[in-house]
Amino acid sequence: MKAKRRERHESRPGHLRKLARLSAQQALVAAGPGPPASHQASTQYSQPTQPVQPEQTLPAASSLEEPQTQPTPPPPPRVKCQLCKCKVALPDWDAHLHDPVHARNARLAGYRQALEEGSQDKFGVSVAQAELDFGIIDLSTLALWPTRENVFYVRLEEGDVTLTNIRLTSTLGALAAFRDTSFNVRFSTALKLTPRVMYAVKVTFDPRGNRGHYDDRVEFSFEMPSNGTKFAITRAVKATVTVQAHRQQLAPTAPYQPPRRRPRGVRGSIVDGERPPHIERHRTAWKYRLPEFPIPSNLREALGDGTIDSKVQFIREKWLSLGFSPSTYMEYWQLLLSAEEHQAHKDMENYDQTGVQFAGRVGRLYS
């Protein structure tokens, strides 16, 4: 009896509706989020039940808008390096101090300062003549007069000073034995200077029959016996041996004046001139015209100031840090071409002139 009642119950329409509803709900749960409930009720009798794809939501309107650009920060302040004659950004100042070019300029400045201090008179001792110039000697006169002589004058105003030594700087140092000096100063023993007495120190020049420019420095060493203070005074000596006729031919006609760099500003109006006839006759019929490729502004700013070594180091760290590879091939060569073009513009600025007049005219053309 129970089996027959169960069969009759399962065949009733109410049981079949509930069974179909449960099957549809299980299918929707397995497929994910489905359509609204009204749509489910209208399709609950469909067999088999198809899973409904979830709706795709569009991104918010704010995500489609252009990103807002941040304001460009002002450039850092710059400090001018008096030794390198360039301006350096303040954050890069410490790195500039360790730059090899700056270190070399600092050594040269220290050397010049030492020479200037060494050439000054001290403690009442003076050496007459700031430098000893033997002048220009004609090569043909060395056969009869092979050597030249000239003198320095040493004078002590007051005090107690002893002249301990006189020597040439070319005879000092580890390489002195390999130098061939043409000047000679004789000094035998220490000499106590008498105040207000002039002492002559003879310097001999012997070029040994060779032409050229010769220079050296004479170092006078002194000591104050009262307190043991030691000091030195240096003086330059120089001479030139040449052929007078050759010297006159090679002499400059005017003092050399290096071209003054004129930084280019905003380009004004350009007056077109008349093309030369041969250019008009042989004008090239270009098929394609290449567009302009301006130098990137950040690269132009990086190449504006600083030494060559600092510019190369900055470019390597900022743009070429990944090295040279197939993936960086295009960027690598674009950067080199832009740097070369920037230097070409700088070189051409040396020839810029303002307020000048054309020298002459050849036919219809000015030169």
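In what follows, the accompanying structure is described. (Residues numbered from 1 in each chain as written. Predicted model: local features only at pLDDT ≥ 70, side-chain atom pairs only at ≥ 80, totals over all residues. Heavy atoms only, no water.)

**Quick word on the nonpolar core**
Membership of the largest hydrophobic core comes to 30 residues, with the highest contact counts inside it found for Phe-152, Val-154, Phe-183, Phe-220 and Phe-222. For this core, the secondary structure elements donating two or more residues are strand 3 (125-128), strand 4 (131-138), strand 5 (148-156), strand 6 (162-168), strand 7 (183-185), strand 9 (198-205), strand 10 (212-224) and strand 11 (229-242). Among residues more than four places away in sequence, those in contact with Val-154 are Val-125, Ser-126, Val-127, Leu-193, Val-197, Met-198, Tyr-199, Val-201, Phe-220 and Phe-222. Ile-295, Leu-299, Ala-302 and Leu-335 belong to the second largest nonpolar core, which has seven residues in total. (Core = buried A, V, L, I, M, F, W, Y, C linked by side-chain atoms within 4.5 Å. Buried < 20%, exposed > 50% of the residue type's maximum accessible area, 1.4 Å probe, protein only. Helix = DSSP H or I, 4+ residues; strand = E, 2+ residues; numbered from the N terminus. Contact = heavy atoms within 4.5 Å.)

**Considering a nonpolar patch on the surface**
Together, Phe-324, Tyr-329, Trp-333 and Leu-336 make up a nonpolar patch on the protein surface, roughly 430 Å² of accessible area in all. Residue position: Trp-333 is located in helix 11 (residues 329-349). (Patch = residues over 30% accessible without salt bridge, like charges linked within 9 Å, V, L, I, M, F, W, Y side chains within 5 Å. Areas by Shrake-Rupley, 256 points an atom, 1.4 Å probe, with all protein chains shown as cover. Salt bridge = Lys/Arg side-chain N within 4 Å of Asp/Glu carboxyl O.)

**Considering helix 11**
Along its 21 residues, helix 11 runs 31 Å from first to last C-alpha, staying within 8% of the 30 Å computed at 1.5 Å per residue. Along helix 11, the residues that are buried comprise Leu-335, Ser-338, His-342 and Glu-349. All buried residues of helix 11 fall inside an arc of 65 degrees around its axis, so they share one side. Exposed positions of helix 11 whose direction lies more than 90 degrees from the buried face are Met-330, Leu-337 and Glu-340. If you follow the buried residues of helix 11, they end up packed against helix 9 (297-302) and helix 10 (308-318). (Expected span 1.5 Å × (residues − 1). Arc of directions from axis to C-beta.)

**With respect to the environment of Gly-304**
Summarising the element assignment, Gly-304 is placed in the loop between helix 9 and helix 10. When its relative accessible area of 33% is taken as the criterion, Gly-304 is described as partly exposed. In sequence terms Gly-304 and Cys-86 are 218 residues apart; their C-alpha atoms lie 9.6 Å from each other.

**Thoughts on the layout of surface pockets**
The computed volume of the largest pocket comes to approximately 670 Å³. Along its surface, the largest pocket is lined by 23 residues, and Ala-89, Asp-92, Ala-302, Ser-310 and Phe-314 are the ones closest to its centre. Split by residue class, the lining of the largest pocket holds eight nonpolar, five polar and 10 charged. (1 Å grid on protein atoms, 1.4 Å probe; cavity = no way out; pocket = protein on both sides within 12 Å on 5 of 7 lines; lining within 4 Å. Points joined across faces, edges and corners; volume = space filled by probe spheres on them. Nonpolar A, V, L, I, M, F, W, Y, C, P; charged D, E, K, R; others polar.)

**Considerations on the environment of Arg-300**
Note that Arg-300 resides in helix 9. Owing to a relative accessible area of 39%, Arg-300 belongs among the partly exposed residues under this scheme.

**Brief notes about the packing of aromatic side chains**
The full count for this structure, using the stated rule, is 10 aromatic pairs. Consider the rings of Phe-134 and Phe-205, whose centres lie 5.6 Å apart with planes at 40 degrees: the pair is tilted. Taken together, the residues span a long stretch of sequence, with Phe-134 in strand 4 and Phe-205 in strand 9 at a distance of 71 residues. For the pair Phe-134 and Phe-205, one class covers both residues: buried. In this structure, Arg-148 is placed above the aromatic ring of Trp-145, and the distance from its NZ or CZ to the ring centre is 3.7 Å. (Phe/Tyr/Trp six-rings, centres within 6.5 Å; stacked < 30°, edge-to-face > 60°. Lys NZ or Arg CZ within 6 Å of the ring centre and 35° of its normal.)

**Some thoughts on the pattern of salt bridges**
This structure, assessed with the given rule, holds six salt bridges. Where Asp-160 meets Lys-192, a salt bridge forms, and the shortest distance between an N and an O atom there is 3.8 Å. Linking Asp-160 in the loop between strand 5 and strand 6 with Lys-192 in strand 8 (residues 191-192), this pair joins segments that are 32 residues apart in sequence. Residue classification places Asp-160 among the partly exposed residues on the basis of a relative accessible area of 29%.

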